[in-house]
Amino acid sequence: MTINPRITLPARRLLLIGAALLLGGCSSIFPVGRSAATAVPPILFVHGNGDNAALWQTTLWRFESNGWPSERLYAVDMPYPLARDDDAIAQPGRSSAAKSRTVLASAVDQVLKTTGATRLILVANSSGGYAVRNYLASGGRAAAGKVSHAVLGGTPNHGVRADASDRPGNVFNGAGPFLLNLNRPKNANGDEVTSGVEWLTVRSDNYDKYAQPTGEWIGARGKPTHVSYEGPALKGATNAVIVGIDHRETSFSPKAFEQTFRFLTGQSPSTLAITPEAAVHLDGKVFGSGLDNQPGSGNFANNLPLAGALVEVYAVNPATGERRGTALLRKTIGSDGLWGPLAVDSQTALEFVVAATGFAVTHVYRSPFPRSSQLVNLRPERIATADRDGRAIVTLSRPRGYFGIPRDEISLDGKSPPPGIPAGVAGVSQSKLVLADATSRPVTGRFNGEQIVGRIWPAADNQVVVLELTD
């Protein structure tokens, strides 16, 4: 388990922004009698199934842009973040609910120790909410005494299915023992949430792939799930509904941030935009995939440092993807997984190149970073067997949301819509093109207002291209 704090801003600025927050009527969660910076409670962000902390990047930027001190924002990377098929049966490369709870408990204690705070806020996406609920339900008063507020975005609190005859040991089954225990009434009112903590759930109206009446997105097309659109809501919580957002946008979208900020502070954020910084400092970790990053052991995320990988970072022309000069950074990754730090400005588009034994050389193109981040996590790809006949492989990736047709405007290398994105409820975060030529040329990905231009690299040389959206 690793904790990623944001880079600390100068102390004077921290005090000024903290004071501004306090004056905004946040006394319900900001204790009186402490300095403004230390009075602002720390927030620990928890990602979902198969994900990592990098998905919280824009959310942290929005908190900072509204005055939340960067030194009070933390995110955890869960090792082996995929849930088991049956929670009670050990499965290589996957974690039990109990393990996730233990990792979260350790992270909570680490953040409280680091900050000196007595309580913190937990904000979770999807199944990260299971770890939060399990930690608070099983930890009793001791755990609840460490947490003031819990925000769950898109957490399938009543399962993605609720059928006791269909894999009841899976944590995502609302009729299985794990969720039945979490959802049992906690008091005479029938509340499903642990007392002593203020709870918020954020859900979509009917656009969340994991809160659907039939099982198209869980491999059971046309079969009833016995779960409704209201599945993420919890009795005893404040339950917010946002029209038209997808499963990941319940946590990572501007609208979800707005609901979260208002719940925590009692006031609307001053801006939903991300305020740019002139000087930007970047860092993050390089993760591998499969069992202990070994070739042939699978392509699932493991959130384990990929020691020995080589990372290069280049400034690129945002219109052509061509490199501007020599590498800004070149580093062999150590046991901590860190690839940085790197100082740039907020106008520079970047190409990250990750090379490691057993993986394809992966070229990741990113839009300019408006603010500093220690959550620029990288993971090299492996070329799928089905794609090995292609001359070049290009993926458009949207980590913080899904592609929706006809909701969104999306194109990749001039193809609109690009391949692999079904119409209807948004549920795909990547589109891949396998090209018949490897001519060195620009390749462009567009999603609504964001455009990323990279370069073609030949798959014959074991190279792949990823255009990674910030949105």
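Report on the accompanying structure. (Residues numbered from 1 in each chain as written. Predicted model: local features only at pLDDT ≥ 70, side-chain atom pairs only at ≥ 80, totals over all residues. Heavy atoms only, no water.)

**Quick look at the overall build of the protein**
The helix and strand tally for the protein stands at 8 helices and 23 strands. Against the globule reference of 23 Å for 471 residues, the protein gives a C-alpha radius of gyration of 22 Å, in line with a compact fold. Based on the C-alpha atoms only, the size of the protein along its principal axes is roughly 70 × 60 × 40 Å. Expressed as a percentage of the 471 residues in the protein, the buried residues total 57%. A sequence separation of at least 24 residues applies to 69% of the contacts in the protein between residues at least 6 apart. (Helix = DSSP H or I, 4+ residues; strand = E, 2+ residues; numbered from the N terminus. Rg over C-alpha atoms; globule rule 2.2 N^0.38 Å. Buried < 20%, exposed > 50% of the residue type's maximum accessible area, 1.4 Å probe, protein only. Contact = heavy atoms within 4.5 Å.)

**Structural notes on unusual backbone geometry**
The step from G340 to P341 runs through a cis peptide bond, and the omega angle for that step is 10°. The linkage connecting S416 with the following residue, P417, adopts the cis geometry, with an omega of -5°. Following the sequence through the fold, P417 ends up in the loop between β19 (410-412) and β20 (430-435). Even without being a glycine, N303 presents a positive backbone phi close to 55°. As for its placement among the helices and strands, N303 is situated in strand β12 (residues 301-305). On the basis of relative accessible area, N303 is assigned to the buried category, the value being 6%.

**Brief notes about the side chain of E450**
Along the chain, E450 turns up in strand β22 (residues 450-455). Buried charge without a partner: E450 forms no salt bridge, and the closest opposite charge is R366, 6.2 Å away. Within the local environment of E450, its side chain forms a polar contact with the side chain of S367, the two groups lying 2.9 Å apart. Those residues in contact with E450 that lie beyond four places of it in its chain are S367, G445, E468, L469, T470 and D471. (Lys, Arg positive; Asp, Glu negative; His and termini not counted. Salt bridge = Lys/Arg side-chain N within 4 Å of Asp/Glu carboxyl O. Polar contact = N/O pair within 3.5 Å; in protein donor to acceptor, adjacent residues only side chain to side chain.)

**What about the sheet that holds β22?**
In spatial order, the strands read β19-β21-β22; together these 3 strands make up an open sheet with antiparallel pairing. Both outer strands of the open sheet, β19 and β22, are each paired with one neighbouring strand and no more. The sheet shows a mean angle of 15° between the axes of neighbouring strands, taken without regard to direction. Relative to strand β21 (residues 442-447), β19 runs antiparallel, the two being bridged by 3 bridges. Residue pairing in the sheet places L412 in a bridge with G445 of β21. (Pairing = 2+ DSSP bridges. Axes fitted to C-alpha atoms, helices over the stretch in contact; angles between N-to-C directions.)

**Structural notes on helix α8 (residues 254-265)**
Helix length check: α8, at 12 residues, gives a terminal C-alpha distance of 16 Å against a target of 16 Å (1.5 Å per residue), a fit within 8%. Every buried residue of α8 is accounted for by A256, F257, T260, F261, F263, L264 and T265. With its phi angle positive at about 80°, G266 sits one or two positions after the end of α8. (Expected span 1.5 Å × (residues − 1).)

**Looking at the sheet that holds strand β18 (residues 392-397)**
Strand order in the open sheet formed by 7 strands is β14-β13-β16-β17-β23-β18-β20, and the pairing between neighbours is mixed. Strand pairing shows two members of the sheet lacking a second neighbour, β14 (329-332) and β20, which therefore form its edges. Going from strand to strand, the sheet's axes swing by 15° on average, the running direction of each strand aside. Summarising the sheet, β18 and β20 pair through 6 bridges and their orientation is antiparallel. Each residue of the ladder has a partner; that of A392, found in β20, is L435.

**With respect to helix α5 (residues 128-144)**
One turn of an α-helix holds 3.6 residues; hence residues three or four places apart share an orientation. The terminal C-alpha atoms of α5 lie 17 Å apart, and with 17 residues this falls more than 12% below the ideal 24 Å at 1.5 Å per residue. All of the buried residues along α5 are G128, G129, Y130, A131, V132, R133, N134, Y135, L136, A143 and A144. Considering only its buried residues, α5 is in contact with β2 (43-46), α4 (97-115), β4 (120-125), β5 (147-153), α6 (177-182) and β6 (198-204).

**Quick notes on the packing of aromatic side chains**
Applying the stated criterion across every chain, the model contains 14 aromatic pairs. Their ring planes at 90° and their centres at 5.0 Å tell us that F63 and F257 sit as a pair that is edge-to-face. On the criterion of sequence distance, the pair formed by F63 in helix α3 (residues 57-65) and F257 in helix α8 is long-range, its members being 194 residues apart. Pair check on accessibility: F63 and F257 agree, each one buried. Taken together, the aromatic side chains of F45, W56, F63, W68, F252, F257 and F261 make up a single cluster linked through ring pairs. Lying over the aromatic face of Y314, R323 brings its terminal NZ or CZ to 3.8 Å of the ring centre. Sitting over the ring of F359, R382 keeps its end group 4.0 Å from the ring centre. (Phe/Tyr/Trp six-rings, centres within 6.5 Å; stacked < 30°, edge-to-face > 60°. Lys NZ or Arg CZ within 6 Å of the ring centre and 35° of its normal.)

**Details of the pattern of salt bridges**
Applying the stated criterion across every chain, the model contains 21 salt bridges. With a closest N to O distance of 3.2 Å, R167 and D166 form a salt bridge. What makes R167 partly exposed here is its relative accessible area of 49%. By relative accessible area, D166 is classed as buried at 17%.

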